[in-house]
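# Observations on the three-dimensional arrangement
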Amino acid sequence: MPDKKKWPGFEPTDLLLPKDCDMNKWSVVACDQYTSQPEYWERVDAYIGEVPSARKMILAEAFLRDGKSFRRGETIHKNMEDYLSNDVFTCYPDALIYTERWLNNGSLRRGLVGAVDLEEYDYNGSAETLIRATEGTVLSRIPPRMMVRREAALELSHVMMLIDDPQRQLVEHLTSETDQMKQLYDFDLMEKGGHITGWLLTEEQKDEVREMLWAMTDRARFEALYDADLHDALMLYAVGDGNHSLATAKAVYQERKETVEDFDPETDPSRYAMVELMNLHDDSLQFEAIHRVCFDIEPEKLLRTLLDYYPGTHYGEGEGHTFRFVWEKGEGVITIPNPASQLPVASLQGFIDYYLALDEGMNGYVDYVHGEDITRELGTQPGNIGFLLDPMPKEKLFSGVVHDGALPRKTFSMGEANDKRFYLEARKIK
C-alpha cells in the first residue's frame, strides 16, 4: 500500500517570489512563444529596461539560431546568482500557490503551482509512468535547454500540467476558500497576458489537495474513465504545455544521478520540477491548433512531393486528412485519402520531416506557429508555405495517451501565445 502521507507525483515545494519589484515587468511569457517574431522579445526587452525581471533568466527560443546561445546562457546564470545574492526574493517554504488568471479574452483559468517528482515521469512516447508527455519529444531541442538548466541556480517554469477531473473538485474547490489564504500577488501581465492573482494555501488546504490526488489514483476510476484494463499502467498527470522543458529537467536529473558522486535522490532538488497543475475541464482551457510554416523551401516542389508521398493524395476537399495551405501565389486544400495515422497532424508532420531531410529541403526548416493570422503572414512570404490545421478535442487527450502513447509533436496548444503560462515564481535547483 502506498504511504498516503506522501504525495502522488505532485507536491508542495519551496517557492521564491520577487519582492519590491514591478511585477508587470518581472513576469514574461514562455520562452517557446513568438519563435518567428524576435521583434516581440526586442519590444519586451526595451519595455523592461534595467529592472529585475524573469526575462533575464530565460533563453527565448526566437534567438536560438543566432549563434549566441552559450553567451546568453552565461548571462542567465550570472543574473540568477546576482538576484539571489542581492536578496531579490522572498522564500515560501513547502508551498502550494493557488492562481486565478483572467485571460485577455475574459475567461478565468485556475491552477496550483507546486512541483512534480521526476522519478514519476518519463518523456519516452511509450512511457507507463504516473506523469506522461503528451507529444513526441524532439531530442535536438533538449541540449540547448540543458545548457541553461545544468548550471542554473534557479528554475522558472512555464510547464502547464493537466489532471483529468470531470467533477471539477481538486482545483476548483479552492475558489471559495481564498479568504483563508494569504494573497501573494495581484497584477496585470504585459503584452495582453491578462491579470493574475496568487494565494498561499494553508496546511489544512494542502492536506485536502493531497487526499483528493490519492483518490484520483483509484484503479477503478482510471479504468472507467479511459476504458482501460489491467494491462494499462496508471496515469494521473499529462503535460499540457512545456513538454520539452520538463524533458530537459528530467535529462539533467538523470545526468546528475549518473555523474555526481554520492548523489542522494532523497535530498537533491534537481529531482523535482516546478509546474502549474490545471484541470483539463477548466472552461478557459481551449485546445488550439498549432500550424506549420516551412521556411526557405520551394513551395511548388514541396507540394509536388507531397502529392507523390501518400498514394492518392490530391488537391481539393475529399475523404481522409485534409489541410489548408497558404503561400505567395495564394491558398488551397490538399487531401490525403486512407491515411495510416489517426490524426491529420501526424500525416502532415511525417511528410514535413521526410521532405526537410531530402536534398531539396536541406536549407529549409519548419516552425510551429500559434494563430492563423501569423501563419498566413509568414506562409505567404517568398520561399515559405504555411499549413493550417484544425484543433483536436481536448477530451481525447488522456485516453489517447493511455492507449496510443505520446501524440505527434506540436499536436495542440492550450490557447493563443499570450495565454501561455508566464514566468513568475522561481525555485532553487542547486
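As a starting point, this report considers the structure included with it. What you are looking at is a predicted structure, and each value in this text was computed from that prediction instead of being measured.

Turning our attention to the packing of helix 8 (residues 299–309) against helix 9 (residues 344–357). Contact geometry for helix 8 and helix 9: axes closest at 11 Å, N-to-C directions at 120°. The angle between helix 8 and helix 9 places the two elements in the oblique class. The two elements helix 8 and helix 9 cross, and the hand of that crossing is right-handed. Of helix 9, the residues touching helix 8 (which contributes Lys301, Leu302, Thr305, Leu306 and Tyr309) are Gly350, Phe351, Tyr354 and Tyr355. Per-class residue counts for the contact of helix 8 with helix 9 are six nonpolar, two polar and one charged.

Right, let's get into the sheet that holds strand 18 (residues 321–327). In space, the six strands of this open sheet follow the order 17-19-18-21-16-20, with antiparallel pairing throughout. Among the strands making up the open sheet, the edge pair consists of strand 17 (314–315) and strand 20 (365–370). Bridging between strand 16 (residues 290–295) and strand 20 involves six bridges; their strand directions are antiparallel. If you follow Arg292 over to strand 20, its bridge partner there is Tyr368. Sitting on the sheet, helix 8 touches strand 16, strand 17, strand 18, strand 19 (330–336) and strand 21 (385–388), and the angle it makes with strand 21 is about 45°.

Trp41, Phe89 and Tyr185 are the most contacted members of the largest nonpolar core, which totals 50 residues. Not counting residues within four places of it along the chain, the set of residues in contact with Trp41 comprises Val29, Ala30, Cys31, Gln33, Tyr34, Arg55, Ile58, Ala60, Ala62 and Phe63. Listed in part, the 37 residues of the second largest apolar core include Leu118, Leu213, Leu236 and Val239.

A surface patch of like charges, here negative, comprises Glu39, Glu42, Asp373, Glu377 and Glu416. Of all the elements in the fold, those that place two or more residues in the negative patch are helix 2 (38–48) and helix 10 (372–379). Tracing the backbone shows Glu377 in helix 10.

Further remarks concern the pairing of strand 6 (residues 108–117). With nine of its ten residues buried, strand 6 lies for the most part within the structure. In the sheet, strand 1 (residues 10–11) pairs with strand 6 via two bridges, with the strands oriented antiparallel. Across the sheet, Phe10 pairs through a bridge with Val116, a residue of strand 6. Here strand 5 (residues 97–102) hands over to strand 6 after five residues, with Gly106 in that stretch at a positive phi of 95°. Judged from the six bridges that link them, strand 6 and strand 14 (residues 272–279) form a sheet pairing that is antiparallel. Across the sheet, Leu112 pairs through a bridge with Leu277, a residue of strand 14.

Definitions and limits used
- Residues numbered from 1 in each chain as written.
- Predicted model: local features only at pLDDT ≥ 70, side-chain atom pairs only at ≥ 80, totals over all residues.
- Heavy atoms only, no water.
- Axes fitted to C-alpha atoms, helices over the stretch in contact; angles between N-to-C directions.
- Helix = DSSP H or I, 4+ residues; strand = E, 2+ residues; numbered from the N terminus.
- Parallel < 35°, antiparallel > 145°, perpendicular 65-115°, else oblique.
- Left-handed = near helix turned anticlockwise from the far one by under 90°.
- Contact = heavy atoms within 4.5 Å.
- Nonpolar A, V, L, I, M, F, W, Y, C, P; charged D, E, K, R; others polar.
- Pairing = 2+ DSSP bridges.
- Core = buried A, V, L, I, M, F, W, Y, C linked by side-chain atoms within 4.5 Å.
- Buried < 20%, exposed > 50% of the residue type's maximum accessible area, 1.4 Å probe, protein only.
- Patch = residues over 30% accessible without salt bridge, like charges linked within 9 Å, V, L, I, M, F, W, Y side chains within 5 Å.
- Areas by Shrake-Rupley, 256 points an atom, 1.4 Å probe, with all protein chains shown as cover.
- Salt bridge = Lys/Arg side-chain N within 4 Å of Asp/Glu carboxyl O.
- Lys, Arg positive; Asp, Glu negative; His and termini not counted.
- Charge placed at Lys NZ, Arg CZ, Asp CG, Glu CD.

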